[in-house]
Every structure is written in C-alpha cells, then in structure tokens.
Amino acid sequence: MTMLFVNATQVVTCSGPGRARRGAEMSDASVLTDAAVAVEGKKIVRVGPAEILLREYAEAEQVDCAGCVLTPGLVDSHTHAIFGRPRYEEQEMRAAGVGYMDIARRGGGIHSSVSDLRTRSEDDLFALALPRVLRLASYGSTTIEVKSGYGLSVEDELKSLRVIQRLGRELPVRLVPTWLGAHEIPREFREREGQRGDYVRYLIDEMLPQVAAEKLASFADVFCEPGVFSVEESREILSASRGAGLSLKLHADELEPHGGAELAAELGATSADHLAAISDAGIAALAQSNTVATLLPGTMVFLGKEKHAPARRLIDAGTAVALATDFNPGTSPTFNFPLILTFGVSQLHMSVAETLIAATVNGAAALGLANRTGQLAAGYSADLALWEAEDIREIPYWYGDRRCMGTWARGKACHARRPSDNLNYTHRHNSTMRG
Ligand code: NIG
Ligand code: FE
C-alpha cells in the first residue's frame, strides 16, 4: 500500500548521514514547507515537493496533515518500562530531604521494585507494561528501548526480557530490549558480607549465557555508580557481555563523577547515559569516541536536583548527544518525551533543532539504528509522528501538553487522535496579532 502524507505546515526531515550527528551537525533539523512524504509498505520512498509527489503518487492513499508538523517518529533510547507497582511514596521522602541513595540504603528504591516484581507472573507484568508502552508511544515515539533490571535473578530477569519480547511481537512500535541485570546488587547478595563479587560472577556465569542463548537482548547495561557497581565491576560485566554478542550501554556518572563516561568510551559502548556528574576527562573521552551521550534531564528534574548534564559543553566538544525519557518508577515516571525536549531547551540550553536531532537521529544512533530510523528520507523505515503545531518550535514550547496527533511505525498506524479544542486558542495567534 502507498500512502502520501500531504498538507503539513512543516515537514521536519532530520535527513542527512545515517549516523550520529555531532557538534554543529545537530543544529540543522531540515525544515521543509510545501513538502510531502511517500510511504510504500514499511519504507519511506520519497520526500519532496508536494506538487510533484501528488502527481507521481496520484493513486496513493492520502494522509491529510493540515495544520500539523510532520517529523520522524521519536526514538526513546532509555526506558525501564518493566516494573510492577509505582513508587510514589519516595517522592515525599525526597522532598523531606532523604536522598535517592539513602532511600536505596533503607531498602527502598530499586530494591523495593525488585521485591515487588519477583512476586509477579510474566502475564501480570505484560498486562502492566502494555498500556505503559502504548502511553509512551502516544507521545510520539515509534522506537522504544526497554530495559530489564528489576528482577536481579536469572528467573526474574529472563521473565522481564520475555515480557519485552512479547510486547515487541504484539505492538507496531519497534522495541529494543536491554539486559540490565547489573542494575543493583540484590539484597540476598548484599547481606553476605564481602560477597558482592559473587553477584558479578552470577551475572557473568549464570545469567548472561541464558540471556544470550535465548537472544532476549540487544544490549547489556550496568548502573555504574558509587555504592552500586564500580568501574572495575562494570568493565568486567560489559566485556563479558560484548563477548556474548551484546552491544553495550552504561548508566554513567549519574549522581557522582565516577569514571563511567571514560569506561563507556574505552569499551566502545554504543551509549553512555545520564552524565549529570560527568568530569572534564569524561567529556574529552566521549568527544573522541563514537559513544552517544544520552542525557535524561527529566530524571534530574524529578529528583529535585539542580545539577544537569553539561549538554552545551558536550555538544561544543563534538559529542553526539541524545535525549530520552528514562521512564521508570523511581526517578522518572513520565511518558512525556516532548516534555524532555522542553527540559533540553530550558535546562540543558539546547536549541530546538538540537533537541529534535537528539530525540530522533541520535536516539537511533544510541540504539545502533541510525541507518534505519530517525529521519524522513527515502529508504528509511516509515516511522513518522504528526504534531498539532504549525511550527516545530511549538513542540517544546507547549510544555507538558500532548500534541502528538498520530504515529506510524514501519508504515503501520500506531495511534491517532482528533484535533483537540485548544487548537483554536493556541493556533490563531496570527489573527490576534494583526488585531
Ligand atoms: O536510570 N539509575 C538507575 N536506574 C534508574 C532508576 C531506577 C529506579 O530508581 O527504579 C535511572 O535513573
Ligand atoms: Fe535509567
């Protein structure tokens, strides 16, 4: 089936090389007017002047994008969507001055999500995760990375990864599974004094071989942070994971500078994520590497931190920067990727074009998919998002609003909304200005 997306006020293609955009390359999102996009089956076949495409694809089914902006589907390259109950009790604890790591030391945080997930069946977790992933997609994402990491035993990690596999089979959105068995040292290993190394061995010798044998994950990830996994432990786990055929990610320098960014660069990880506490040496290491710096400003906002990842310094040093939601029950319970773009502008001092490249091309690069998705260009996967906006700058501007009108992943419609009533009062500014 051929589809022609026509009448969009702007078509933002993000087109260019099928690899991460670095430094100044992030400043051009490529905004076209009077343009159309032709899709055949799962692929984009043409992007060009509407006048010409309307003639060439006269028989195509038309998707009327009037009054809207068309962009590549967003790529959310960092989520922890497989969990049981939410953890709202921790929000007030933090407000009262108990830190994220203090809550973890008291048995809350990741530990409490682990205790909860272990009691749940695969079907139960699937039923909880399905609407969450749909909700994430309804904000504009057509590719979503999903981590395990609340199981921390062979059985419970495999159960989590199987849920991701099932979701990927049932939903039109593209899901990318990541094994995060090294999200925390589970209590049963922490309680054995001096035996934390046993958990690292258990991860490498018992869990990883099964994850790899069942092909349940594309990536391995580690929470490298003081009090969780050290740089040496992270290196050991990630090296073994690479040996088992997985690509690498790292939760690096989230709260304290710890050498995580340097380790990600050293190992050739596909991405280093968080980086709010990255050191100067870490910035230099990433700038010289092919590792994408995935920044998660929603996490710092939700944790009430004033510190943010130094996005400007990273971009100016020539690093490829991506943005993602970090959707999880502890530090970033948001479905709203466009809100993360707002934080990209207001907290990280990025331009709108930079935030959009960070959420499309560079998000795709953070998943090793930059030659397949993240841009509107011939040959790319037909992954598109339609926004209730006349100008691309409105996406981060109407902050917290759900402006996404529809998404298509691999040419298949994922969801569609009717134009909301507020179109009238947010979109008629021109007439008011003319008085
Ligand atoms: O990315 N930092 C580690 N992992 C998650 C939070 C996990 C949790 O608190 O449940 C993060 O912020
Ligand atoms: Fe995370």
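Just so it is clear, the structure is predicted and the values come from calculations on it, not from any experiment.

### Side note on the pairing of strand 10 (residues 174-182)
(1) Moving on: With 9 of 9 residues buried, strand 10 is to be regarded as a mostly interior element.
(2) Moving on: With 5 bridges connecting them, strand 9 (residues 141-147) and strand 10 associate as parallel partners. Residue pairing across strands places Thr 143 opposite Arg 174, the latter belonging to strand 10.
(3) Moving on: The pairing of strand 10 with strand 11 (residues 219-224) spans 3 bridges and is classified as parallel. When the sheet's bridge partners are listed, Trp 179 is paired in strand 11 with Ala 220.

### Quick word on the sheet that holds strand 7 (residues 69-72)
(1) Moving on: An order of 3-2-7-16-17-18 is seen for the 6 strands of this open sheet, with the pairing classed as mixed. Every interior strand has two partners, whereas the edge strands, strand 3 (31-32) and strand 18 (412-416), have only one.
(2) Moving on: With 4 bridges connecting them, strand 7 and strand 16 (residues 384-387) associate as antiparallel partners. Within the sheet, the bridge partner assigned to Pro 72 lies in strand 16 and is Leu 384.

### Some remarks on the domain arrangement of the chain
(1) Moving on: Partitioning the chain into domains gives domain 1 (2-72 + 372-433) and domain 2 (75-365).
(2) Moving on: Between domain 1 and domain 2, the C-alpha centre-to-centre distance is 29 Å.
(3) Moving on: Facing 37 residues of domain 1, the contacting portion of domain 2 comprises 39 residues.
(4) Moving on: Summing both partners gives a buried area of about 3000 Å² for domain 1 against domain 2, and 65% of it is carried by carbon and sulfur.
(5) Moving on: Summed over the three residues of domain 1 that lose the most area to domain 2, namely Arg 22, Met 26 and Arg 402, the buried surface amounts to 24% of that side.
(6) Moving on: Arg 174 serves as the salt-bridge partner of Asp 383, at 2.9 Å between the closest nitrogen and oxygen.

Procedures and definitions
Residues numbered from 1 in each chain as written. Chains lettered and ligands numbered in written order. Predicted model: local features only at pLDDT ≥ 70, side-chain atom pairs only at ≥ 80, totals over all residues. Heavy atoms only, no water. Buried < 20%, exposed > 50% of the residue type's maximum accessible area, 1.4 Å probe, protein only. Helix = DSSP H or I, 4+ residues; strand = E, 2+ residues; numbered from the N terminus. Pairing = 2+ DSSP bridges. Domains from an automatic or database assignment. Contact = heavy atoms within 4.5 Å. Buried area = accessible area lost by both parts, 1.4 Å probe. Salt bridge = Lys/Arg side-chain N within 4 Å of Asp/Glu carboxyl O.

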